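# Structural overview
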Amino acid sequence: MKGLLPKRKIPYHKDHRIPHYFRKMLGSYRGLFPKVPSFRSIMWSFIASFAGISLVTALSYNVSVFVSQHLPTMIGSFGASAVLIYGAIDSPLSQPRNFMGGHLISAFIGVSIGKICSGIFNQPDNFLWLQGALSVSLSIVAMQITGTVHPPGGATALIAVTSGSKILDLGYLYMAIPVLFGTGLMLIVALLINNIQRQYPMYWFFPRKPDIIIEDHSDSDSGSNDDSRLECHLDHGEMYEPTIFEHSEAKKAIEHNDDKLGMDILNSATLENNSNVVIEVDREAAPEIDSSIQYKEMAEMYRIKFEEVQAHLKTLEKELEAVRRSHL
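Keep in mind it's a predicted model, so treat the numbers as computed, not measured.

### Overview of the packing of helix α4 (residues 77-87) against helix α9 (residues 173-194)
- Orientation of α4 relative to α9, taken along the N-to-C sense of each, is 25°, at an axis distance of 11 Å. On the basis of the axis angle, α4 is roughly parallel to α9. Crossing angle aside, the handedness with which α4 passes α9 is right-handed. Mapping the contact onto sequence places Phe 78, Ser 81, Ala 82, Ile 85 and Tyr 86 in α4 and Pro 178, Val 179, Gly 182, Thr 183, Met 186, Val 189, Ala 190 and Asn 194 in α9.
- For the contact of α4 with α9, the class distribution of residues is nine nonpolar, four polar and no charged.

Structure, rendered in structure tokens:
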């Protein structure tokens with residue numbers, strides 16, 4: 001069925017008759033839509049989120065210690081966090097550093113803004129719009145600077161200044177209960193359930209650096225291979241700084257570390273003029289890379305065979321054509 005509007009020869013985001021500012025709003029990314037997770041992943045997301053939210057909510061409303069002391073262990077932003085740490089566990093926004101750090105930083109900023117405004121204004125309730133805007137905006141900036149961006153953290157800061165006396169009376173205790181206590185419980189549930197048939201977290205504080213990085217720093221202006229050198233960084237994860245080796249020393253360093261995978265890559269890397277080659281390899285991915293190399297070798301073998309068959313068929317066609325002409 002054809003669309004109601006004819007297909008444009010020039011996409012809207014490339015039509016220069018539209019001002020550039022508005023063309024950016026039309027979008028230009030042509031990527032693949034994220035695939036629907038497997039049934040197993042969906043099932044474990046449901047189980048983990050149900051367990052995590054039910055735990056913090058039950059403590060907040062059904063345990064006399066917290067109820068009598070008016071100490072909530074659950075706030076609304078935890079629902080948004082549950083989507084991330086239970087349903088999108090491989091996202092950088094879901095990792096423990098972002099999850100707990102984002103909530104704690106935002107809680108501190110929200111409480112601080114509430115206290116400052118209460119001291120400045122005689123009727124701070126008339127300036128809730130200012131408190132909410134400042135707490136959320138400053139929380140975003142702080143999370144970006146500290147590398148702990150966690151979207152629900154903005155809600156944690158907003159709750160601190162707009163939820164009335166129940167939260168305001170807690171003061172900086174709000175950072176401990178419900179924020180630190182609640183996120184800690186949810187993180188424990190994530191660790192216990194997400195790792196049954198999945199993996200969480202991807203990292204705790206920093207993404208793990210690749211084990212091997214081979215880089216070609218070619219001088220594009222020189223046009224010569226004399227200025228090009230190969231650097232090999234051997235890295236063992238978060239706790240070690242990468243070591244830089246010259247081209248002549250890289251092979252020895254890899255041999256010293258018994259890294260056959262690095263040897264294969266170093267031997268197979270071809271560097272051309274004015275090229276920038278970066279190869280990143282994780283030792284844990286060695287089986288997959290080895291299998292991909294085998295598949296490439298098989299593909300090359302079948303390509304050669306296919307060309308041989310094509311040449312043989314052309315020879316047969318010529319012979320058949322010669323036979324036909326002889327019978328005419």
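### Some thoughts on the side chain of Ser 135
- With respect to the element layout, Ser 135 can be found in helix α6 (residues 128-146).
- In this view, Ser 135 contacts Ile 109, Gly 110, Ile 113, Ala 157, Leu 158 and Val 161; residues no more than four positions away in its chain are not counted.

### So, α9
- Compared with an ideal rise of 1.5 Å per residue, which puts 22 residues at 32 Å, α9 spans 30 Å between its outermost C-alpha atoms and is within 8% of the ideal.
- Maximal helix bending in α9 amounts to about 30°, located at Leu 180.

### Brief notes about the environment of Met 43
- Within the secondary structure, Met 43 sits in helix α2 (residues 39-62).
- Judged by its relative accessible area of 31%, Met 43 falls in the partly exposed class.
- For the pair formed by Met 43 and Gly 87, sequence separation is 44 residues and the distance between their alpha carbons is 9.8 Å.

### Focus on the UniProt feature "coiled-coil region" (unreviewed entry) in the protein
- This chain's UniProt record puts "coiled-coil region" (unreviewed entry) on residues 299-326.
- This span, residues 299-326, is 100% helix and 0% strand, and a straight line between its end C-alpha atoms measures 41 Å.

### Remarks on the UniProt feature "transmembrane region" (unreviewed entry) in the protein
- Residues annotated in UniProt with the feature "transmembrane region" (unreviewed entry) correspond here to residues 42-63, 69-89, 101-121 and 172-193.
- End C-alpha to end C-alpha, residues 42-63 measures 30 Å, and it is 95% helix and 0% strand.
- Between the C-alpha atoms that bound residues 172-193 the distance is 31 Å, and the span itself is 95% helix and 0% strand.

### Quick notes on the packing of aromatic side chains
- All told, the structure shown has five aromatic pairs when counted by the stated rule.
- Measuring from centroid to centroid gives 4.0 Å for Phe 121 and Phe 127, while their planes differ by 15°, and the two rings are stacked.
- Judged by relative accessible area, which is 28%, Phe 127 ranks as partly exposed.

### Notes on the nonpolar core
- Ile 75, Ile 85, Tyr 86, Phe 99, Tyr 174, Met 186 and Tyr 200 are the most contacted members of the largest nonpolar core, which has 30 residues in total.
- Those elements giving two or more residues to this core turn out to be α2, α4, α5 (96-120), α7 (152-162) and α9.

Thresholds applied
- Here, residues in each chain are numbered from 1, in the same order as that chain's written sequence.
- Confidence filtering applies because this is a predicted model: local features only for residues at pLDDT of at least 70, side-chain atom pairs given and counted only at 80 or more, and all residues used for totals across whole chains, interfaces and linings.
- Computation of side-chain values covers all heavy atoms of the structure but excludes hydrogens and water.
- Here an angle of 0 to 180 degrees is reported between the N-to-C directions of two axes, which are lines fitted to C-alpha atoms, with helices fitted over the stretch in contact.
- Helix numbers and strand numbers start at the N terminus; a helix is a DSSP run of H or I with at least 4 residues, a strand a run of E with at least 2.
- Our angle categories are set so that under 35 degrees counts as roughly parallel, over 145 as roughly antiparallel, 65 to 115 as roughly perpendicular, and the remainder as oblique.
- In this scheme the crossing of two helices becomes right-handed for a clockwise turn of the near helix relative to the far one and left-handed for an anticlockwise turn of less than a right angle.
- The contact criterion used is simple: two residues touch if any of their non-hydrogen atoms lie within 4.5 Å.
- By the convention adopted, Pro, Cys, Tyr, Trp, Phe, Met, Ile, Leu, Val and Ala count as nonpolar, Lys, Arg, Asp and Glu as charged, and the other residues, Gly among them, as polar.
- To estimate the expected span of a helix, count its residues, drop one, and scale the result by 1.5 Å.
- Two axes enter the bend calculation: one fitted to the seven residues ending at the residue in question, the other to the seven starting there, and the bend is the angle between them.
- Only protein chains enter the area calculation, which uses a 1.4 Å probe; residues under 20% of their type maximum are buried, those over 50% are exposed, and those in between are partly exposed.
- UniProt positions are given in the numbering used here, feature names are shortened, and annotations may be inferred rather than shown by experiment.
- When the centres of two rings from Phe, Tyr and Trp lie within 6.5 Å, Trp using its six-membered ring, the rings pair. Their planes under 30 degrees apart give stacked, over 60 give edge-to-face, and anything left gives tilted.
- We define a nonpolar core as any set of buried Ala, Val, Leu, Ile, Met, Phe, Trp, Tyr and Cys residues linked to one another through side-chain atoms lying within 4.5 Å.

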